[in-house]
Amino acid sequence: MTSGPSDAELVRMALAAREQAYAPYSNFHVGAALLTRDGRVFTGCNVENASYGLTVCAERVALFKAVSEGSRTFTALAIAGPSDDYCRPCGACLQVMSEFAPELRVIMADRTGRFRSRTLLQLLPEAFSMVPGT
Ligand SMILES: [Zn+2]
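Every value quoted in this text rests on a predicted model; they were computed, and no experiment measured them.

### As for the nonpolar core
Ranked by size, the top nonpolar core spans 22 residues in total, and within it Leu34, Phe74, Ile79, Met97 and Leu104 carry the most contacts. Contributions of two or more residues to this core are made by strand 1 (31-36), helix 2 (58-68), strand 3 (74-80), helix 3 (91-100) and strand 4 (105-109). Excluding anything up to four places from it in sequence, Leu34 contacts Arg40, Val41, Phe42, Ala62, Leu63, Ala66, Phe74, Ala76, Leu77 and Leu104. Formed by 11 residues, the second largest nonpolar core is a distinct cluster that contains Val11, Leu15, Ala78 and Ile107.

Following this line, the structure appears as structure tokens:
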């Protein structure tokens, strides 16, 4: 049984987390809010670096925060970007999500908080796995 905030509340938390984004190179500020099965929420923002390849997306920041604090079961992740379009996770983040939460629901929001959701399976139907047949 999932408990905790609604999708709209998760989107609001992602929008708030976006305020912390460190994105001086792209100026593309993103926030994420990850809901655990027991109702906790971990937020993240993108953190860029002068060595561009070291940049970490908001979704992975939120997920790594959660895992590092003992949470490994997730039900939904909201992501909010700065544009008028829904902010979709990149392929790297989808792969990281699939490691821990293949059943995850991904809520994608624009800068105003308008959102839509998809399952992770819809966004990444053929995720890499070390386990045959999964
Ligand atoms: Zn990403």
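### Quick notes on the packing of helix 2 against helix 3
Closest axis-to-axis distance for the helix 2/helix 3 pair is 9 Å, and the angle between their directions is 25°. Classed by the angle they form, the pair helix 2 and helix 3 counts as roughly parallel. The two elements helix 2 and helix 3 meet at a crossing, and its hand is left-handed. Of the residues in helix 3, those touching helix 2 at Glu59, Arg60, Leu63, Phe64 and Val67 are Ala92, Cys93, Val96, Met97 and Phe100.

### Let's talk about the coordination of the zinc ion
Only Cys57 (SG), Cys90 (SG) and Cys93 (SG) from the protein coordinate the zinc ion, and they sit 2.3 Å from it. Mapped onto the sequence, the residues coordinating the zinc ion show the spacing C-x32-C-x2-C. Here Cys90 falls in the partly exposed class, since its relative accessible area comes to 31%.

### Observations concerning the side chain of Asp110
Topologically, Asp110 is positioned in the loop between strand 4 and strand 5 (115-119). Polar contacts involving the side chain of Asp110 include one to the side chain of Thr112, which spans 2.7 Å. Within polar-contact distance, the side chain of Asp110 engages the backbone nitrogen of Gly113 at 3.1 Å. If we ignore the near neighbours within four places in the chain, the residues touching Asp110 are Leu15, Gly81, Ser83, Asp84, Asp85 and Tyr86.

### So, the pattern of salt bridges
As enumerated under the stated definition, the model contains five salt bridges in all. Residues Arg105 and Asp7 are paired through a salt bridge, measuring 2.8 Å at the closest nitrogen-oxygen approach. Within this pair, whereas Arg105 is found in strand 4, its partner Asp7 is found in helix 1 (residues 7-18), the two being separated by 98 residues in sequence. Owing to a relative accessible area of 29%, Arg105 belongs among the partly exposed residues under this scheme. Here Asp7 falls in the partly exposed class, since its relative accessible area comes to 21%. Its salt-bridge partner being Arg40, residue Glu69 comes within 3.9 Å of it at the nearest N-O pair. Highlighted residues: Glu69 in the loop between helix 2 and strand 3 and Arg40 in the loop between strand 1 and strand 2 (41-45), separated in sequence by 29 residues.

The rules we used
Residues numbered from 1 in each chain as written. Predicted model: local features only at pLDDT ≥ 70, side-chain atom pairs only at ≥ 80, totals over all residues. Heavy atoms only, no water. Core = buried A, V, L, I, M, F, W, Y, C linked by side-chain atoms within 4.5 Å. Buried < 20%, exposed > 50% of the residue type's maximum accessible area, 1.4 Å probe, protein only. Helix = DSSP H or I, 4+ residues; strand = E, 2+ residues; numbered from the N terminus. Contact = heavy atoms within 4.5 Å. Axes fitted to C-alpha atoms, helices over the stretch in contact; angles between N-to-C directions. Parallel < 35°, antiparallel > 145°, perpendicular 65-115°, else oblique. Left-handed = near helix turned anticlockwise from the far one by under 90°. Donors = N, O, S within 2.8 Å, 3.2 Å for Na, K, Ca; no water. Polar contact = N/O pair within 3.5 Å; in protein donor to acceptor, adjacent residues only side chain to side chain. Salt bridge = Lys/Arg side-chain N within 4 Å of Asp/Glu carboxyl O.

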